[in-house]
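# Observations on chain architecture
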Amino acid sequence: MPYSWIDHDLQVLKRAKWLRSVKEIPPHFVNFGSNDYLGLATDVRLKQAAIEAVEKYGTGATGSRLLSGQRDLHAALETKIAQLKGTEAALVFSSGYLANLGVIPALVGKRDLILADAYNHSCLIQGCRLSGALVLTYDHLDCNHLEHLLLSNRSSFQRCLIVTNTVFSMEGDIAPLAEIVQLADRFHCMVMVDEAHATGVFGARGSGVVEVQNITYPLVQAGTLSKAIGSLGGYVAGEARLMQYLQSRTSTWIYTTALSPADTAAALKGIEIISTEPERRYKLWDNVFYLRKLLGNEQRYVSPIFPLLVKDIPTALTLSQLCWEEGIYAPAIRPPTVPTPRIRLSLTAKHSQKDIDRVWQLLHRHLAE
Ligand SMILES: Cc1ncc(COP(=O)(O)O)c(C=O)c1O
């Protein structure tokens, strides 16, 4: 029976409480698991932009960008992303996952070295593996460890790429980019950052952590259109020659259907709103500071992502269920996604302080020290 091993493995996953299943969140629930940081995914202007794009161009892009899929909307979106990021150019992908999966193997190969933060997102990890480069992982946020690995390994390889999230999706903490680019400069390395949870959220322009930390070193900046931007898709931004190169060398861009007209138009509108309505960002950060205060003003909470650690997996699941029964979605995140179980709350500009009070009331007694 060629597939009977699946039953066995399902049992193993069940016993370990690692078995996952999808959950539909009723629309009236207060949702603390959404990446819709600015509330744009339901904004009437994004909906309208998508509808108009469907009416004008149809539903599907019909082919890859290099064949029949290119529309003026794609070029317009790439220009908008580059403006937001302050880069020469950008390239749009069908998802953030595909962007990272494809771009890393286009930048480095088997003669090269990658240094990656231990808590990087899955798509960065997979992209690193796919590249065939030697991947060395440095301890989370630890530039001393990064320097040590560079000192002992850099000279044996041709190209070297340092890869990091800027905001870490499960921890909510932030990469020390200034120190990373100093090391990159000293050791002659490329740096790729993933601003998936930072774009639209950080910086006076909403550009991300690169803007906040005022980084001028040439970077490969990846991200998604599906979180604060409120649509679907991914991007890479950077130098124009890099984009030109990627168009010929990135299989996850070349061999896949172009982003749909509706998603492209919605993302375009989303970025326009991010650039013109900073008050959404202010509201989001008011909420972040409010919850942080309830949590004793702990300095480790520096983004809209709050990992509230609990003592074990059953506690995480019970708390999440308790919230669910009160009409609140507060996801339990557990190994193997993260090393330690937690309730992960992500705040958006749509939450009220009353929403935050409600979840706090339910959770605070059970949080680990
Ligand atoms: C840091 C990070 N990068 C990339 C992605 C993938 O982006 P997308 O959802 O557009 O595939 C995610 C999550 O979705 C993420 O958290």
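Scroll up to find the structure.
All of these numbers come straight from a predicted model, not from anything done at the bench. (Residues numbered from 1 in each chain as written. Predicted model: local features only at pLDDT ≥ 70, side-chain atom pairs only at ≥ 80, totals over all residues. Heavy atoms only, no water.)

### Regarding the overall build of the protein
Basically, it comes down to this: In this description a helix means any DSSP run of H or I spanning at least four residues, a strand means any run of E spanning at least two, and both kinds are numbered starting from the N terminus. Both definitions apply: the radius of gyration is a C-alpha atom measure, and the globule rule equals 2.2 Å times residues to the power 0.38. Residue exposure (1.4 Å probe, protein chains only): buried if accessible area is under 20% of the type maximum, exposed if over 50%, otherwise partly exposed. Note on definitions: a residue-residue contact is assigned when non-hydrogen atoms from the two residues lie within 4.5 Å. With residues, only the protein chains shown are counted as cover, and all accessible areas are computed by Shrake-Rupley using a 1.4 Å probe. Counting rule applied: Lys, Arg positive; Asp, Glu negative; His and chain ends not counted. Where a charge lies is defined by one atom per residue type: Lys uses NZ, Arg uses CZ, Asp uses CG and Glu uses CD.
Helices and strands together make up the secondary structure of the protein, namely 15 helices and 12 strands. Taking 369 residues into account, the globule formula puts the C-alpha radius of gyration at 21 Å, and the protein, at 21 Å, falls close to it. A principal-axis box enclosing the C-alpha atoms of the protein has dimensions of 55 × 55 × 55 Å. When burial is assessed residue by residue, the protein has 55% of its 369 residues classed as buried. For the protein, restricting intrachain contacts to residue pairs at least 6 apart in sequence, the fraction spanning at least 24 positions comes to 72%. For the protein, the accessible surface area stands at approximately 17300 Å², while carbon and sulfur atoms represent 54% of it. Computing the positive centroid from 37 side-chain charges and the negative centroid from 35, the protein places the two 3 Å apart.

### Observations regarding the pattern of salt bridges
Condition: By salt bridge we mean one thing: a side-chain nitrogen of Lys or Arg within 4 Å of a carboxyl oxygen of Asp or Glu.
Scanning all chains against the criterion turns up 11 salt bridges. Among the ionic contacts, a cluster of salt bridges with common partners joins D43, R45, E277 and R280.

### With respect to the sheet that holds strand β12 (residues 342-346)
One key point about sheets: their strands pair by backbone hydrogen bonds, in either a parallel or an antiparallel sense. As a reminder, the rule being used: A pair of strands is treated as paired once DSSP finds two or more bridges between them.
Pairing within the open sheet is antiparallel, and its 3 strands lie in the order β9-β12-β11. For this open sheet the edge positions go to β9 (305-309) and β11 (332-333), each flanked by a neighbour on one side alone. As paired elements, β11 and β12 share 2 bridges and run antiparallel to each other. Among the inter-strand pairings, A332 is bridged to a residue of β12, identified as I343.

### Remarks on the site of the ligand
To keep it simple, the criterion reads: Note on definitions. A residue lies near a molecule or strand when any single heavy atom of the residue is within 4 Å of it. Distance and chemistry together define a polar contact, namely a pair of N or O atoms within 3.5 Å, with one atom able to donate a hydrogen and the other to accept it when in protein, and with adjacent residues in sequence counting only for side-chain atoms on both sides. Following the grouping adopted for this structure description, the nonpolar residues are Ala, Val, Leu, Ile, Met, Phe, Trp, Tyr, Cys and Pro, the charged ones are Asp, Glu, Lys and Arg, and the polar ones are all others, Gly among them.
Surveying the vicinity of the ligand reveals 14 residues, the closest of which are G96, D194, H197, T224 and K227. At 2.7 Å, a backbone N or O of G96 approaches an oxygen atom of the ligand. The side chain of T224 places a nitrogen or oxygen atom 2.6 Å from an oxygen atom of the ligand. Calculation on the ligand without its partners gives an accessible area of 380 Å², and the protein chains cover 85% of this total. Looking at side-chain class alone, the shell around the ligand contains 3 nonpolar, 9 polar and 2 charged residues.

### Here's the deal with the environment of N165
With respect to the secondary-structure elements, N165 resides in strand β5 (residues 160-165). Given a relative accessible area of 2%, N165 falls into the buried group. The spatial distance from the C-alpha of N165 to the C-alpha of Y255 is 26 Å, given a sequence separation of 90 residues. If we ignore the near neighbours within four places in the chain, the residues touching N165 are N120, H121, L124, A175 and D194.

### As for the sheet that holds β5
Just so we agree on the cut-off: Axes, fitted as lines to C-alpha atoms, cover a helix only where it is in contact. Angles between the N-to-C directions of the axes lie from 0 to 180 degrees.
Sheet architecture is open: 7 strands sit in the order β2-β8-β7-β6-β5-β3-β4, paired in mixed fashion. Both outer strands of the open sheet, β2 (89-93) and β4 (134-138), are each paired with one neighbouring strand and no more. Each adjacent strand pair in this sheet contributes to an overall mean axis angle of 20°, direction not counted. In this sheet, strand β7 (residues 220-224) lies alongside strand β6 (residues 190-194) in parallel orientation, the contact comprising 3 bridges. Residue pairing for β7: M192 is matched across the bridge by V220. On the sheet, helix α4 (residues 72-85) packs against β2, β7 and β8 (234-238) and is oriented at approximately 125° with respect to β2. Its contacts with the sheet put helix α10 (residues 240-249) on β2, β7 and β8, and the angle it makes with β2 is roughly 30°.

### What to know about helix α12 (residues 261-276)
Where we set the bar: The span one expects for a helix is its residue count, reduced by one, times 1.5 Å.
An ideal rise of 1.5 Å per residue puts 22 Å on 16 residues; α12 measures up with 23 Å between its terminal C-alpha atoms. As for α12, its buried residues are in contact with α2 (44-57), α4 and α13 (278-294).

### A look at the packing of aromatic side chains
Heads up, the condition is: Here a Phe, Tyr or Trp ring, Trp counted by its six-membered ring, pairs with any other such ring whose centre lies within 6.5 Å, and the pair is stacked when the planes are under 30 degrees apart, edge-to-face when over 60, and tilted otherwise. Throughout this description, the term charge over a ring refers to an Arg CZ or Lys NZ atom that lies within 6 Å of the ring centre and within 35 degrees of the ring normal.
Counted according to the given criterion, the structure contains 5 aromatic pairs. With a centroid separation of 5.0 Å and an interplanar angle of 80°, the aromatic rings of F202 and W285 are classed as edge-to-face. With F202 in the loop between β6 and α9 (209-212) and W285 in helix α13, the pair connects residues that are 83 residues apart, well separated along the chain. This pair shows no difference in class: F202 is buried, exactly as W285 is. Geometrically, the ring pair formed by W285 and F289 is tilted, given 5.8 Å between the ring centres and 40° between the ring planes. Here W285 and its partner F289 are both found in helix α13, 4 residues apart, which amounts to about one turn of the helix. Given the relative accessible area of 44%, F289 is considered partly exposed. An aromatic cluster is defined as three or more aromatic residues linked by ring pairs; in this entry it consists of F29, W324 and Y329. Above the plane of the ring of W324 lies K23, whose end atom (NZ or CZ) is 4.4 Å from the centre.

### Let's talk about the pairing of β9
Most of β9 sits inside the fold, with 4 of its 5 residues counted as buried. Summarising the sheet, β9 and β12 pair through 5 bridges and their orientation is antiparallel. Of the residues in β12, the one forming a bridge with P307 is R344.

### A few points about a nonpolar patch on the surface
Note the cut-off: Here the term patch refers to residues with relative accessible area over 30% and no salt bridge, with like charges joined within 9 Å and nonpolar side chains (Val, Leu, Ile, Met, Phe, Trp, Tyr) within 5 Å.
A cluster of nonpolar side chains, namely Y3, W5, I6, L10, L13, W18 and L19, defines an oily patch on the protein surface of about 660 Å² accessible area. On the secondary structure map, W5 appears in helix α1 (residues 5-15). Overall, the relative accessible area of 49% leaves W5 in the partly exposed class.

Without other data, these values stay purely geometric and don't point to any function.
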